[in-house]
Amino acid sequence: MINATDELGAEQLLALYRVMVLIRRTEERLARAHQMGLVPGPCHTYVGEEAIATGVCANLREDDVVFSTHRGHGHALAKGVSPRAVAAELFGKATGCSQGRGGSMHLFAPEIGLMGTSGIVGPSILQGAGAGYSFKLLGSDQVSVAFFGDGAVSNGAFHEGLNLAAIWDLPVVFVCEDNMYATEVAFRDATRVQDVAGRASVSYDMASVRVDGNDVMAVYQAAEEAVSRARAGQGPSLIDCKTYRTRPHAEGMRDGGYRTAEEMESWKARDPIAAHAAWLIDKGRASAAELEAIEAEIKATVDDAIEFARSSPFPEPATAADYIFSRGA
Amino acid sequence: MREITYTEAAREALAEQMAVDPSIFVVGEGIGERGGNFNTTLGLYEKYGPMRLRDTPIVERGFVGMCAGAAMTGSRPVVDFMFIDFILDSMGELLNQISKIQYMSSGRIKMPIVLRGCIGIGGAAATHHSGSYYPLFVHIPGFRVALPSTPYDAKGLFKTALTGDDPVLFLEHKLLLNRRGPVPEEAYQLPFGQAAVIREGSDATVVALAIMAPKVREVCDELAKDGLDIEVIDPRTLAPLDMATILESVAKTGRLLIADETFGPCGIGAEISAQVMEQGFDDLDAPIARLNGMHTPTPYSPSLEAAIIPDKAAIAQAIRDLVAE
Ligand SMILES: Cc1ncc(C[n+]2csc(CCOP(=O)(O)OP(=O)(O)O)c2C)c(N)n1
Ligand SMILES: [Mg+2]
């Protein structure tokens, strides 16, 4: 079998690195902004999980669609939403990608296929299936991706959505981000079957694979196969990504009691960005200088995004009830 | 009297009742060892263990439906749902099953289930964590709906919820949770369907729900300096609704405003207004007025969030307008 990652050129390999660093640095600054009171609402970061959104979205076209979760900054940035638009949204500004209506958990950029992050666990799976239905009905070769956490796997939405996508051969890629916890409830306490890939294949006869969610190349490879399958009309797939979040469930929350320092350290040692950097250098695909240049470039981008967010205006109060219904009807 | 927070008061009622009634168990996400996202069960897991403080997967339809079966067979489940937005997935279980089974079994089956958690707008929580939705439940026969606004009411009403045999929605406005107030240490109950006159006055009556109760009272204290003497009523429960107290007040003042943070259309204000017209029309000296939050999903940005809820200035204006009618 051809390994999709073998065919990646240096530029694409560095692009994966760049997107992961962009997500990490943007969120580090957003977390700090949250501590300073500049992000008025909740803020769930993706720190430690960047390889998943990055590896998946690198296989998507701009007109492919993504349905995301409460932990969606990474999905938005990887799909191509500008750091300015994400930061401004979290700051509650009119220039944000949801014009200040949504904040961290409600990021929208449908122009480039970000169909929304969600404050409710579960709907991404069903809406992802529905987009697949739409593409099939309309004869389009677009692909739909649904991201969700281990917490959603026990929910009816998971079972209903996977079943529908399977029986109707919908062009959907389901991406489970199993970071071992739903808030503080361990996945092992929420299910007897943590093998999410196994559930998809055994229960719904769906192509599925389990990957190291901290290995961007592994995620890329799995997503390449799944997206190609969907685009070719061969039905849905599920990618079961094992990963870990290295910050609290949400900014400002305590993070004690439910997980050990050893567990945290063992995952920090497997940081997806450091791992990809080491791989690139080890294989001679990039130099340390190139990676440093990317860091510097991203730092400038993120500085600009935060300054943009800070200096943008708040939305006009008079617009609070705009857009409840479609216009012009 | 000692002062404790609203959340502590409700937790005290839960702890007291769990100690005497082994059929009570709590389900929810993080209500076990963690003690609840809002500290609703803090310290209880250590006492009663996982059978009675059950952390669940994220399966709102599942655990609400399961609790219906448990309630039908001798247990007293308490569903700790965090935000009311999260149990919307279980509306079928609630409206088709939980509200109807006592009726359909001709009273032979009881449905002692309490669903408790946050409602309301605040803290830039945005539209999936800011719902109120209580008019939906008041509309459906078979639910009791409690909406306490003080720690004292929270303890007494929660106790009543835990000892009754009906499905109860016990709804806690998120901005009330950390407010302190006097609460007796001993056990007590407050009957459902008994409004509290939280401020006496003769110029107009304001019925104020949940967070609006303390807000309206503060405004009325300020208006008193201008010689306006306003009566404020907190119904405390919406189903049953104490219309007698409201009608009695309107008979005295001749003017009525209903202040409710959630939506106006088909809401509690519309219902109270209709009932006053039916039963107290002759007492009215002016059209009944309503003050509601804007009829829109809840936006995130502080500038938009503030724009959709009636602030103190809007409350004061509504009262002045009513008195000037
Ligand atoms: C229907 C619903 N129930 C409860 C919640 C509260 N909640 C928000 S995030 C979360 C945990 C989600 O865990 P998981 O799906 O594993 O995602 P993670 O946070 O680990 O990325 C919970 C319970 C919610 N948002 N929606
Ligand atoms: Mg998780």
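Predicted, not measured: the structure shown is a model, and the values here were computed from it. (Residues numbered from 1 in each chain as written. Chains lettered and ligands numbered in written order. Predicted model: local features only at pLDDT ≥ 70, side-chain atom pairs only at ≥ 80, totals over all residues.)

Draft legend 1. Examining the overall build of chain B more closely. When helices and strands are counted, chain B shows 12 helices and 14 strands. Relative to the 2.2 N^0.38 estimate, which gives 20 Å for 325 residues, the radius of gyration of chain B is 20 Å and therefore close to what a compact globule would have. Here the C-alpha coordinates of chain B stretch approximately 60 × 45 × 40 Å along the principal axes. Considering chain B as a whole, with its 325 residues, one finds that 55% of them fall into the buried category. Restricting to contacts in chain B with at least 6 residues of sequence separation, those with at least 24 account for 79%. (Helix = DSSP H or I, 4+ residues; strand = E, 2+ residues; numbered from the N terminus. Rg over C-alpha atoms; globule rule 2.2 N^0.38 Å. Buried ≥ 20, exposed ≤ 12 C-beta atoms within 10 Å, placed from the backbone. Contact = placed C-beta atoms within 7 Å.)

Draft legend 2. Representation of the interface of chain B and chain A in the model. Across the contact, 27 residues belong to chain B and 32 residues belong to chain A. When contributions to the side of chain B that touches chain A are tallied by element, the ones reaching two or more residues are α3 (60–71) and α11 (302–308) of chain B. At five residues, α11(B) tops the list of elements feeding residues into the side of chain B that touches chain A. Residues belonging to the side of chain B that touches chain A are distributed by class as follows: 13 nonpolar, nine polar and five charged. (Nonpolar A, V, L, I, M, F, W, Y, C, P; charged D, E, K, R; others polar.)

Draft legend 3. Inspection of the domain arrangement of chain B at higher detail. Residue and element names in this part refer to chain B. As far as domains go, chain B holds domain 1 (3–182) and domain 2 (196–324). For domain 1 versus domain 2, the distance between C-alpha centres works out to 27 Å. Of the residues lining the interface, 22 residues belong to domain 1; the matching set on domain 2 comes to 22 residues. Secondary-structure elements contributing two or more residues to the side of domain 1 that touches domain 2 are α6 (134–139), β6 (144–146) and α7 (151–163). (Domains from an automatic or database assignment.)

Draft legend 4. A look at helix α12 (residues 288–311) of chain A. Residues and elements named next belong to chain A. The first and last C-alpha atoms of α12 sit 35 Å apart over 24 residues, in line with the 34 Å expected at 1.5 Å per residue. For α12, the full list of buried residues reads Ile 298, Val 302, Ala 305, Ile 306 and Ala 309. Of the surrounding secondary structure, the elements contacted by the buried residues of α12 are α1 (10–35) and α4 (83–90). (Expected span 1.5 Å × (residues − 1).)

Draft legend 5. Region of interest: the site of ligand 1. In the region of ligand 1, 21 residues are neighbours, and A:Val121, A:Gly149, A:Gly151, A:Ala182 and B:Phe86 sit closest. At the site occupied by ligand 1, the surrounding residues belong to chains A and B. When its residues are assigned to classes, the shell around ligand 1 shows seven nonpolar, eight polar and six charged. (Near = placed C-beta within 6 Å.)

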